[in-house]
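Topology and contacts: notes
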Amino acid sequence: MIPSAFEYHAPASLADAIALLVRLGDDARPLAGGHSLLPMMKLRFAAPAHLVDLGRIPDLRGIAEVGGALHVGAMTTENDLVWSKLLAEKVPLLVEGARAIADPQVRYRGTVGGDLAHGDPGNDHPALMLALDAAFAVRGAGGERMVAAADFFQGPYMTALQPGEVLTRIEVPIPPPGTGWAYEKLKRKIGDFATAAAAVLLRMDGERIAAASIALTNVGATPLKARDAEQALVGRRLDEAALTEAAQLAMEICDPVADQRGDADYKRAMAGEMTRRALLRARSRAA
Ligand SMILES: Cc1cc2nc3c(=O)[nH]c(=O)nc-3n(C[C@H](O)[C@H](O)[C@H](O)COP(=O)(O)OP(=O)(O)OC[C@H]3O[C@@H](n4cnc5c(N)ncnc54)[C@H](O)[C@@H]3O)c2cc1C
């Protein structure tokens, strides 16, 4: 319940935040919504000597359409995502995903950038961003670099972020009109992390699948892109045989850890089932 003592910093600009993080090094952590970092500090799993609050940097928050993409500021809250008309119109998968995260209070504070930067395989945004083929703008003392979602997640709590770097913006390609979507999450109760979940985008060409994107939550050390399952679906009808094959191929890449949510076999089976359900719902929404 009681975190270790720390110094609090509230820079008013991104440049100041990065300068602080670089100067303070390993002793400092960015603070976003605080709903993963503070719980870890209260349990003393993390004890940073400095917190650099990103909450007073206005240009880190908001959603804008830029070319064929939506640019989402890292400090945009889950609640902002849930209620964004632009997002609902252009990338409804992220609205459905954000609604499945935590609870109203946590969603008022928790940010999409924090959810991604935390690197917890239990978090939902990583697989959503993998399914959407998003890219992350990361800024450090040396300037900005872009990292594809597929290269960002490296292991439990390990990402491509280097010390002194801030995730500033997520660039989400807008799926073509008519793309179906679904995020199917199995959880024990509201606010629980997924036992297994699947994010799906589906494009149809008449009755045949033109393209499928499938990513899985909490069934491996990182979010997983089910590439073989995606490939197996192209050019086919979404019939029972295709669903069974896609679910099977998705299950084959899973490597879940046993915990209070179930053993590895159960979680793997549920990843297959979530894949199947997400495909069916995405199909019903595709035009
Ligand atoms: C009861 C409860 C239920 C929850 N359920 C879910 C759930 O179902 N699904 C889910 O996905 N999440 C869930 N969460 C986690 C929640 O969504 C967190 O808010 C989220 O994981 C982290 O976002 P944050 O903005 O709170 O980040 P913080 O907790 O402030 O930071 C998390 C980590 O990321 C780093 N960081 C944050 N922002 C940046 C940045 N811009 N650049 C670089 N590093 C950064 C911090 O230094 C820290 O290490 C839950 C949390 C609670 C308390």
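Values in this document were obtained by computation on a predicted structure and should not be read as measured data.

Close to the ligand lie 30 residues, the nearest being Pro30, Ser36, Leu37, Thr111 and Asp124. Backbone polar atom of glycine 34 to an oxygen atom of the ligand: 2.7 Å apart, as the coordinates give it. Within the complex, the protein chains bury 91% of what would otherwise be the 960 Å² of accessible surface of the ligand. Of all the secondary-structure elements, those providing two or more residues to the shell around the ligand are β2 (28-31), α7 (112-117) and β10 (166-173).

Our focus in this paragraph is the sheet that holds β2. Pairing is parallel in the open sheet, where three strands are placed in the order β1-β3-β2. Unpaired on one side and paired on the other, β1 (7-9) and β2 mark the two borders of the sheet. This sheet shows a mean twist of 25° between the axes of neighbouring strands, independent of strand direction. Of the strand pairs in this sheet, β2 and strand β3 (residues 50-53) are connected by four bridges, and their pairing is parallel. Bridge pairing in β3 places alanine 28 opposite histidine 50. Along the sheet, helix α1 (residues 14-24) makes contact with β1, β2 and β3, crossing β3 at roughly 165°.

What follows deals with the sheet that holds strand β13 (residues 208-217). Pairing is antiparallel in the open sheet, where four strands are placed in the order β11-β12-β13-β14. Strands with a single pairing partner mark the edges of an open sheet, and in this sheet they are β11 (180-186) and β14 (224-225). With seven bridges joining them, β11 and strand β12 (residues 196-205) adopt antiparallel strand pairing. Looking at the pairing, leucine 186 lines up with alanine 196 of β12. Set on the sheet, helix α12 (residues 264-285) makes contact with β11, β12 and β13; between it and β11 the angle comes to about 150°.

Further remarks concern unusual backbone geometry. With a phi close to 60°, aspartate 133 is a non-glycine residue in the positive phi region. Considering the arrangement of structural elements, one finds aspartate 133 in the loop between α8 (125-132) and β6 (135-140). Positive phi values are uncommon outside glycine, yet asparagine 218 reaches one of about 65°. Locating asparagine 218 in the fold gives a position in the loop between β13 and β14.

Okay, the UniProt feature "domain: FAD-binding PCMH-type" (unreviewed entry) in the chain next. Here the UniProt feature "domain: FAD-binding PCMH-type" (unreviewed entry) sits at residues 1-177. Secondary structure content for residues 1-177 is 34% helix and 25% strand, while the C-alpha to C-alpha distance between its ends is 48 Å.

A separate point is the side chain of glutamate 171. Mapped onto the elements of the fold, glutamate 171 is located in strand β10. Here arginine 169 takes part through its side chain, which lies 2.8 Å from a polar atom of the side chain of glutamate 171.

One can describe the packing of helix α11 (residues 240-252) onto α12 by two numbers: an axis separation of 8 Å at closest approach and a directional angle of 140°. As far as their axial angle goes, α12 and α11 are oblique. Our pair here, α11 against α12, has a crossing hand that is right-handed. Taking contact as the criterion, the partners of Glu240, Leu243, Thr244, Ala246, Ala247, Ala250 and Met251 in α11 are, on α12, Arg268, Ala269, Gly272, Thr275, Arg276, Leu279 and Leu280. A class-by-class count of the residues in the contact of α11 with α12 yields eight nonpolar, three polar and three charged.

Bringing the pattern of salt bridges into the picture now. One pass over the full model with this rule turns up 22 salt bridges. Ionic pairing is found between lysine 90 and glutamate 89, a salt bridge with its closest N-O pair at 3.9 Å. Owing to a relative accessible area of 23%, lysine 90 belongs among the partly exposed residues under this scheme. Salt-bridge contacts for arginine 169 lead to glutamate 171; the nearest nitrogen and oxygen are separated by 2.8 Å. In the salt-bridge network here, residues are joined through shared partners; they are Arg188, Asp192, Asp259, Arg261 and Lys267.

About the criteria used
Residues numbered from 1 in each chain as written. Predicted model: local features only at pLDDT ≥ 70, side-chain atom pairs only at ≥ 80, totals over all residues. Heavy atoms only, no water. Near = heavy atom within 4 Å. Polar contact = N/O pair within 3.5 Å; in protein donor to acceptor, adjacent residues only side chain to side chain. Areas by Shrake-Rupley, 256 points an atom, 1.4 Å probe, with all protein chains shown as cover. Helix = DSSP H or I, 4+ residues; strand = E, 2+ residues; numbered from the N terminus. Pairing = 2+ DSSP bridges. Axes fitted to C-alpha atoms, helices over the stretch in contact; angles between N-to-C directions. Contact = heavy atoms within 4.5 Å. UniProt positions renumbered as here; feature names shortened; annotations may be inferred. Parallel < 35°, antiparallel > 145°, perpendicular 65-115°, else oblique. Left-handed = near helix turned anticlockwise from the far one by under 90°. Nonpolar A, V, L, I, M, F, W, Y, C, P; charged D, E, K, R; others polar. Salt bridge = Lys/Arg side-chain N within 4 Å of Asp/Glu carboxyl O. Buried < 20%, exposed > 50% of the residue type's maximum accessible area, 1.4 Å probe, protein only.

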